[in-house]
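Fold and contact review
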Amino acid sequence: GNSVTQMEGPVTLSEEAFLTINCTYTATGYPSLFWYVQYPGEGLQLLLKATKADDKGSNKGFEATYRKETTSFHLEKGSVQVSDSAVYFCALSEDGGFKTIFGAGTRLFVKA
Amino acid sequence: DVKVTQSSRYLVKRTGEKVFLECVQDMDHENMFWYRQDPGLGLRLIYFSYDVKMKEKGDIPEGYSVSREKKERFSLILESASTNQTSMYLCASSLAGVWNQPQHFGDGTRLSIL
């Protein structure tokens, strides 16, 4: 079945460092891909999405490109801030359906 | 703005009790979901509903049931709580009809079963 695999955390960076969180997926159709973020004490909220191959989703300085050839959707940010400390979830929405499959989450700590 | 509200942020119950977790959304969404979140396991789908009075089992429905009597409200029921149901529970909703819609989440209920 469809699945999402993301790098294990925690990831610890200093402020202004470059961030990459790897995400790969397995899907039989043409899923939409998402990154969600969960700040401490809160639920998940959508960070960005991409709906077809080569699409780039972006929001708040974060970017991710839908790579069908490598079945990847890696999250990147050029310069992280302390306020980016959170858990990040990669997810896919099954083609034609409404269920979402989530990765295990990657916790990011950013030090001042 | 979109709002999914879960009735309790923290809840402590005893083994064997019947537990109700409530979720309300104000976005007129057709789809609603219940997940549990455990460290290292991410989110696992318990049940979902795509219409009033409709429900479908997710990946881990055992020990749970749900109720959706009104479009805006989706309740999760632990019939006889057990310690292995101690977890964070997240409710979400999404719009039907467009397949790539994101889900909107509540802030979660941290449930402890003693």
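Residues numbered from 1 in each chain as written. Chains lettered and ligands numbered in written order. Predicted model: local features only at pLDDT ≥ 70, side-chain atom pairs only at ≥ 80, totals over all residues. Heavy atoms only, no water.

**Quick notes on the interface of chain B and chain A**
In many reports, interface size means the accessible area that the parts give up when they come together. Short version of the rule: Here, two residues are considered to be in contact whenever any of their heavy atoms come within 4.5 Å of each other. Any pair of N or O atoms that falls within 3.5 Å is considered a polar contact. Within protein, one atom must be able to donate a hydrogen and the other to accept it, and sequence-neighbouring residues count only if both atoms are side-chain atoms.
In this complex, chain B contributes 22 residues to the contact, which on the side of chain A involves 25 residues. Applying the counting rule to chain B against chain A returns five residue pairs in polar contact (both at pLDDT 80 or more).

**A short note on the side chain of B:Thr109**
Residues and elements named next belong to chain B. The criterion, for reference: Only DSSP runs of H or I with at least four residues qualify as helices, and only runs of E with at least two residues qualify as strands; both kinds are numbered from the N terminus onward.
Looking at the element boundaries, threonine 109 is found in strand E11 (residues 109-113). Engagement of the side chain of threonine 109 in a polar contact is seen with the backbone oxygen of serine 8, the distance being 2.5 Å. Setting aside residues up to four positions removed in sequence, threonine 109 forms contacts with Gln6, Ser8, Arg9, Leu11, Leu21, Ser87, Met88 and Tyr89.

**Thoughts on the sheet that holds strand E3 (residues 19-21) of chain A**
Residue and element names in this part refer to chain A. Stated precisely, the cut-off is as follows: Strand pairing follows a simple DSSP-based rule, namely that at least 2 bridges must link the two strands. Angles shown run from 0 to 180 degrees and are taken between the N-to-C directions of axes, each axis being a line fitted to C-alpha atoms and, for helices, limited to the stretch in contact.
On the basis of which strands lie adjacent, the open sheet formed by four strands has the order E3-E9-E8-E7 and antiparallel pairing. This sheet does not close on itself; its edge strands, each paired only once, are E3 and strand E7 (56-59). Adjacent strand axes in the sheet meet at a mean angle of 15°, parallel and antiparallel pairs treated alike. When E3 meets strand E9 (residues 75-77), the two strands line up antiparallel, connected through three bridges. Note that in E9 the partner of leucine 19 across the bridge is lysine 77.

**Concerning the pattern of salt bridges**
All names here are of chain A. Just so we agree on the cut-off: For salt bridges, the criterion is a side-chain nitrogen of Lys or Arg within 4 Å of an Asp or Glu carboxyl oxygen. Exposed residues in this analysis have more than 50% of their type's maximum accessible area, buried residues have under 20%, and partly exposed residues fall in between, with area computed by a 1.4 Å probe over protein chains only.
Taken as a whole, this structure holds 10 salt bridges over all chains when the rule is applied. We note a salt bridge from glutamate 63 to lysine 56, for which the minimum N-O separation is 3.6 Å. Its relative accessible area of 35% is what places glutamate 63 among the partly exposed residues. Among the salt bridges present, the one from lysine 77 reaches aspartate 84, with a minimum N-O distance of 2.7 Å. Aspartate 84 carries the same exposure label as lysine 77, and that label is buried.

**Section: the state of the cysteines**
Heads up, the condition is: Any two cysteine sulfur atoms within 2.5 Å of one another count as a disulfide.
Here the structure, examined in full by the defined rule, presents two disulfides over all chains. Sulfur-sulfur distance for the disulfide between A:Cys23 and A:Cys90 comes to 1.9 Å. Judged by the sign of its S-S torsion, about -70°, the cystine formed by A:Cys23 and A:Cys90 is left-handed. Of this pair, A:Cys23 sits in strand E4 (residues 23-26) while A:Cys90 sits in strand E10 (residues 86-93); the two residues are 67 residues apart in sequence, bridging distant segments of the chain. Comparing A:Cys23 with A:Cys90 shows no difference in burial state: the two are buried. Across a sulfur-sulfur distance of 1.9 Å, B:Cys23 and B:Cys91 are joined as a disulfide pair. On the sign convention where negative is left-handed, the bridge of B:Cys23 and B:Cys91, at about -75° about the S-S bond, is left-handed. Linking B:Cys23 in strand E3 (residues 19-25) with B:Cys91 in strand E9 (residues 87-94), this pair joins segments that are 68 residues apart in sequence. The pair formed by B:Cys23 and B:Cys91 is uniform in burial state, with each residue classed as buried.

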